[in-house]
Amino acid sequence: MKIKKLHNFLIKIFKKQGLSQKDSLICSNAIINAELVGAHSHGLSRVKMYCDRINKKLINPKPKIKIKKISQSITHIDANNCIGFVAGDVGIKQAIKSAKKTGIGLVGIKNSGHYGLSGYYAEQAVRKNLIAFCFTNAPPAIAPHGARKSLFGTNPICFGTPTASKVPFILDTSVSVINRGKIRVAARTGKKIPEGVALDKYGKPTVDARKALEGVQLPIAGFRGSGLAWMVDILSGVLTGGNHGGKVKDPFDDFSGPQNIGHLFIIIKPNLFVGNYSQRIKENIKRIKRLPKIKGIKEILYPGQSKFKRYKKNLKKEIKIPPNIVGDLRKLNA
Ligand SMILES: NC(=O)c1ccc[n+]([C@@H]2O[C@H](COP(=O)([O-])OP(=O)(O)OC[C@H]3O[C@@H](n4cnc5c(N)ncnc54)[C@H](O)[C@@H]3O)[C@@H](O)[C@H]2O)c1
């Protein structure tokens, strides 16, 4: 489907669910961006889930978002169980505004929902020549090191910086070996998942996506990844007033209440300590790219580089929608 047509289609769907034109556009932009960067597990495949949660009154389509300024730099947002994209949009805009004014913007958000890709918010700050850290917690998927039960989410860690070039540096990574969305897509399409990414409910390694969803996902780098997942849970949940410690509800399976996810944005002006950040970051990247390469590697890429290329390429094409998702979207638009 042509991108413009898909935008209109999605906006219509969200407006039908009771969202305002402005909020529907925010959702549509975030979802289409996920498709364009190739993160299909965070794009159209989730539209039905968001709509189901709105219908069950677990996402508030007409939220009264409370924005509490704590200082010129610090803001606390109660998102009133709105769709996560809207909370993320309000939060990142506020953090950017504060950072521009004072050098640093810190925004904690509670009572939110799944907001998609952390990098999407970091990119917005980087486009304004700011450095960004974005954190969100997520429903239980990873067992803490030494535990047999999932508790941490795939809790992405995201850091972005301007690079003095068109291509931003965006490190945006789940702390699970692969993200849960990819396992969901594999479960739906009957595909196997790679070895070494998950255990079944009995604690045995599995390549069966359905069994993996019933079991636990493995963190990156053993206890180190488990520690990082824990850190994100503390920053996004404990600190902001959001759910934490395994209480974030799974958006697909748990309809017992709103998710109350927490997000944390830390946005920083790059020239706080040095006047020539642009020059320094350029030199930093250049030095790393000049290193001798291992066999088969043409270029040492920095995080975000290949995603940027993919985005630019996909922008010129139509978006392919799998038949099962087309069916869902048509029903939602009927
Ligand atoms: N909202 C949520 O609850 C939630 C939960 C988990 C993940 N996510 C999102 O899912 C997305 C995907 O996460 P993921 O862990 O699958 O990401 P990924 O494994 O595709 O990429 C991780 C990072 O590695 C970088 N990278 C990839 N190939 C590289 C290479 N050859 N050289 C250098 N860097 C390279 C990427 O640019 C990215 O920054 C993220 O945007 C994340 O925010 C969201």
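Further up the page is the structure itself.
Residues numbered from 1 in each chain as written. Predicted model: local features only at pLDDT ≥ 70, side-chain atom pairs only at ≥ 80, totals over all residues. Heavy atoms only, no water.

Helix and strand counts for the protein chain come out as eleven helices and nine strands. At 20 Å, the protein chain has a C-alpha radius of gyration in line with the 20 Å of a compact globule built from 334 residues. With the C-alpha coordinates of the protein chain rotated into their principal frame, the extents come out at 55 × 50 × 45 Å. Relative to its full complement of 334 residues, the protein chain shows a buried share of 51%. In the protein chain, 64% of the contacts between residues at least 6 apart in sequence involve partners at least 24 apart. As displayed, the protein chain offers around 17200 Å² of accessible surface, 57% of which is attributable to carbon and sulfur atoms. The positive charge centre, built from 60 side chains, and the negative charge centre, built from 19, are 7 Å apart in the protein chain. (Helix = DSSP H or I, 4+ residues; strand = E, 2+ residues; numbered from the N terminus. Rg over C-alpha atoms; globule rule 2.2 N^0.38 Å. Buried < 20%, exposed > 50% of the residue type's maximum accessible area, 1.4 Å probe, protein only. Contact = heavy atoms within 4.5 Å. Areas by Shrake-Rupley, 256 points an atom, 1.4 Å probe, with all protein chains shown as cover. Lys, Arg positive; Asp, Glu negative; His and termini not counted. Charge placed at Lys NZ, Arg CZ, Asp CG, Glu CD.)

This part takes up the site of the ligand. In the vicinity of the ligand lie 21 residues, with G116, D172, S174, N179 and G304 positioned nearest. One of the side-chain N or O atoms of H42 is found 3.4 Å from a nitrogen atom in the ligand. Side-chain polar atom of K182 to an oxygen atom of the ligand: 3.5 Å apart, as the coordinates give it. For the ligand, whose accessible area on its own is 870 Å², the fraction buried by protein is 74%. The cavity where the ligand resides is the largest pocket. In terms of residues, the shell around the ligand owes the most to one element, strand β6 (residues 169-173), which gives four residues. (Near = heavy atom within 4 Å. Polar contact = N/O pair within 3.5 Å; in protein donor to acceptor, adjacent residues only side chain to side chain. 1 Å grid on protein atoms, 1.4 Å probe; cavity = no way out; pocket = protein on both sides within 12 Å on 5 of 7 lines; lining within 4 Å. Sits in = over half its atoms within 2 Å of the grid points.)

Look at N81: it is not a glycine, yet its phi comes out positive at around 60 degrees. By secondary structure assignment, the location of N81 is in the loop between β2 (74-78) and α4 (84-102). Taking relative accessible area as the criterion, N81 reaches 21% and is therefore assigned partly exposed. The residue N260 is not glycine, and still its phi comes out positive at about 45 degrees. Mapped onto the fold, N260 is located in the loop between α8 (223-238) and β9 (261-268). N260 sits in the buried class, given a relative accessible area of 12%.

The next subject is the packing of aromatic side chains. In this description, an aromatic ring pair is defined by two values, namely the gap between the centres and the angle between the planes. Scanning all chains against the criterion turns up ten aromatic pairs. Where F133 meets F135, the ring centres are 6.3 Å apart and the plane angle is 5 degrees; that geometry is what we call stacked. Judged by relative accessible area, which is 27%, F133 ranks as partly exposed. By relative accessible area, which is 6% here, F135 ends up buried. Joined through ring pairs, the aromatic side chains of F133, F135, F159, F169 and Y302 make up one cluster. (Phe/Tyr/Trp six-rings, centres within 6.5 Å; stacked < 30°, edge-to-face > 60°.)

Residues W230, I234 and V238 make up a contiguous nonpolar surface patch of roughly 300 Å² in combined accessible area. Relative to the helices and strands, I234 resides in helix α8. Take I234: its relative accessible area is 42%, and that puts it in the partly exposed class. (Patch = residues over 30% accessible without salt bridge, like charges linked within 9 Å, V, L, I, M, F, W, Y side chains within 5 Å. Salt bridge = Lys/Arg side-chain N within 4 Å of Asp/Glu carboxyl O.)

This structure, assessed with the given rule, holds five salt bridges. Between R287 and E283 there is a salt bridge, with the nearest N and O atoms lying 3.2 Å from each other. Taken together, the residues span about one helical turn, with R287 and E283 both in helix α9 (residues 277-289) at a distance of four residues. Classification of E283 as partly exposed rests on a relative accessible area of 30%. One salt bridge in this structure joins E299 and K289, with 2.8 Å as the shortest N-O distance. Remark: K289 occurs in helix α9 and E299 occurs in the loop between α9 and α10 (305-315); sequence separation between them is ten residues. Owing to a relative accessible area of 36%, E299 belongs among the partly exposed residues under this scheme.

Attention now moves to the sheet that holds β9. A sheet is described by the order of its strands in space; here seven strands give the open sequence β1-β2-β3-β9-β4-β5-β6, paired in mixed fashion. Two strands close off the open sheet at either side, each with one partner strand: β1 (66-69) and β6. On average, each strand axis in the sheet is inclined to that of its neighbour by 10 degrees, with strand direction left out of account. Two elements, β2 and strand β3 (residues 104-112), share five bridges in a ladder whose sense is parallel. Paired with H76 across the bridge in β3 is G108. (Pairing = 2+ DSSP bridges. Axes fitted to C-alpha atoms, helices over the stretch in contact; angles between N-to-C directions.)

Here the largest pocket is characterised by a volume of approximately 700 Å³. Of all the secondary structure elements, the ones that give two or more residues to the lining of the largest pocket are β6, α6 (180-189) and α10. Per-element accounting of the lining of the largest pocket gives the leading share, five residues, to α6. There is about 540 Å³ of room inside the second largest pocket. Looking at the lining of the second largest pocket, its residues break down into 15 nonpolar, nine polar and five charged. (Points joined across faces, edges and corners; volume = space filled by probe spheres on them. Nonpolar A, V, L, I, M, F, W, Y, C, P; charged D, E, K, R; others polar.)

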